[in-house]
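As a plain string of letters, each chain reads:
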Amino acid sequence: MNTLNLPGIARVHYDSIQNGRNTQADYVAVLNGSWALAVAVCDGAGDDPDAAEAAHSSAQISAAVTGSTSSPVEGLHAARTYLQRRNEEAPPSQEGITTAVVAAITSGGLDLAWVGDSPAWAVRLDGKVVPLTTPSCHPCMTPCNVEEKHEGANCWPHRLPFTYTDDYARIILASDGLTAHLPLTGRLDHMNAMLDDLARLAAPDLYGEYVATSLLDLAKRGRGRDNTTVAVIDLLHGNDDLRDRGEGDAK
């Protein structure tokens, strides 16, 4: 488990598991930028090195640009520019496709953008869990991913307008492997189907590292044994930043 602490702003606990796949095609990048704390989770579509490379590069680029601009939209546009060029030059059948969910955290609030079905939720101080990434789109079937725009959507990427976080205890970003334990009917609406599990495993009084570990353990029970990434972003209120300090980078 990795931890990055930004006193007065947030503490992030994050990790990825390969979980039975041949390739680790998930990637999470966490960056304390000059303008914002940036967290990017990408999930490559497939079980091969091209999917892994697409996720790895997109997460790093998105986080770097988001941290220096406080705009996850700008971060995803930068990743899209790279990935389009990469795929144009790739040999046939070696193109890389990836989802992405990118958060910019500042002392004022949250800015969030995403493409595909990598989910994000907020856990409020009163314990209520709020889905943030709606719609949640399949990266290939829709399609909606870092390279391809969601056909018919008014904008690319999807974006949650700037949100004040005074009522939020934590924010959770993940890849869709977190929801693999759900019944098939539940996976059709995984944002809402996860609410009970998150209310139990990510309650505001639990430590962030424990929450991240518990969610990854939940993913290990999934039928598909998918790559899974979880980033638990504990928002620091009052004296919370005096607890459980740590440091981390990217994995």
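Residues numbered from 1 in each chain as written. Predicted model: local features only at pLDDT ≥ 70, side-chain atom pairs only at ≥ 80, totals over all residues. Heavy atoms only, no water.

Let us look at the overall build of the protein chain. From N to C terminus, the protein chain includes six helices and 11 strands. Relative to the globule expectation of 18 Å for 251 residues, the C-alpha radius of gyration of the protein chain, 16 Å, shows essentially globular dimensions. Oriented by its inertia axes, the alpha-carbon framework of the protein chain measures out at about 55 × 40 × 35 Å. Counting the 251 residues in the protein chain, one finds 55% classified as buried. Taking the intrachain contacts of the protein chain between residues at least 6 apart in sequence as the baseline, contacts between residues at least 24 apart amount to 70%. Seen as two clouds, the 19 positive and the 33 negative side-chain charges of the protein chain have centres 4 Å apart. (Helix = DSSP H or I, 4+ residues; strand = E, 2+ residues; numbered from the N terminus. Rg over C-alpha atoms; globule rule 2.2 N^0.38 Å. Buried < 20%, exposed > 50% of the residue type's maximum accessible area, 1.4 Å probe, protein only. Contact = heavy atoms within 4.5 Å. Lys, Arg positive; Asp, Glu negative; His and termini not counted. Charge placed at Lys NZ, Arg CZ, Asp CG, Glu CD.)

Looking at the element boundaries, serine 58 is found in helix α1 (residues 49-69). Since its relative accessible area comes to 0%, serine 58 is described here as buried.

Now for the sheet that holds strand β6 (residues 110-115). One open sheet accounts for five strands, arranged β3-β4-β5-β6-β9; its pairing is antiparallel. Looking at strand neighbours, the two that pair on one side only are β3 (26-32) and β9 (158-163), the edges of this open sheet. Taking each pair of neighbouring strands and ignoring which way they run, the sheet shows an average axis angle of 5°. As judged from the five bridges shared by strand β4 (residues 37-43) and strand β5 (residues 100-105), these two strands associate in the antiparallel manner. (Pairing = 2+ DSSP bridges. Axes fitted to C-alpha atoms, helices over the stretch in contact; angles between N-to-C directions.)

Attention now goes to the confidence of the model for the protein chain. The pLDDT averaged across the protein chain works out to 90; a share of 91% of its residues lies at or above 70. Across residues 241-251, confidence stays below pLDDT 50; counting only partners more than four residues off in sequence or on other chains, it has 33 contacts. (pLDDT = per-residue confidence, 0-100.)

Let's shift gears to the environment of alanine 64. Along the chain, the position of alanine 64 falls in helix α1. C-alpha of alanine 64 to C-alpha of glycine 20: the two residues are 44 residues apart in sequence and 30 Å apart in space.

Grouped together as the largest cluster of nonpolar side chains are 27 residues, with contacts concentrated most on Ile105, Leu112 and Leu173. Those residues within four positions of leucine 173 in sequence are excluded, and the remaining contacts are Val39, Val41, Val101, Ala103, Leu112, Pro119, Ala120, Thr229, Val230, Ala231 and Ile233. Counting residues in hydrophobic clusters, the runner-up holds 21 residues, among them Ala29, Ala54, Ala59 and Leu83. (Core = buried A, V, L, I, M, F, W, Y, C linked by side-chain atoms within 4.5 Å.)

Turning our attention to the packing of aromatic side chains. As enumerated under the stated definition, the model contains one aromatic pair in all. Seen in terms of ring centroids, phenylalanine 162 and tyrosine 164 are 5.3 Å apart; in terms of plane orientation they differ by 90°. Their pairing is edge-to-face. Classification of tyrosine 164 by relative accessible area gives exposed; the value is 64%. A cation sits over an aromatic face here: arginine 80 above tryptophan 156, 5.0 Å from the ring centre. (Phe/Tyr/Trp six-rings, centres within 6.5 Å; stacked < 30°, edge-to-face > 60°. Lys NZ or Arg CZ within 6 Å of the ring centre and 35° of its normal.)

Right, let's get into the state of the cysteines. Under the counting rule described, the total for this entry stands at zero disulfides. The closest cysteine sulfur to the non-disulfide-bonded cysteine 140 is located on cysteine 144, 11 Å from its own sulfur. On the accessibility criterion, cysteine 140 (40% relative accessible area) is partly exposed. (Disulfide = S-S within 2.5 Å.)

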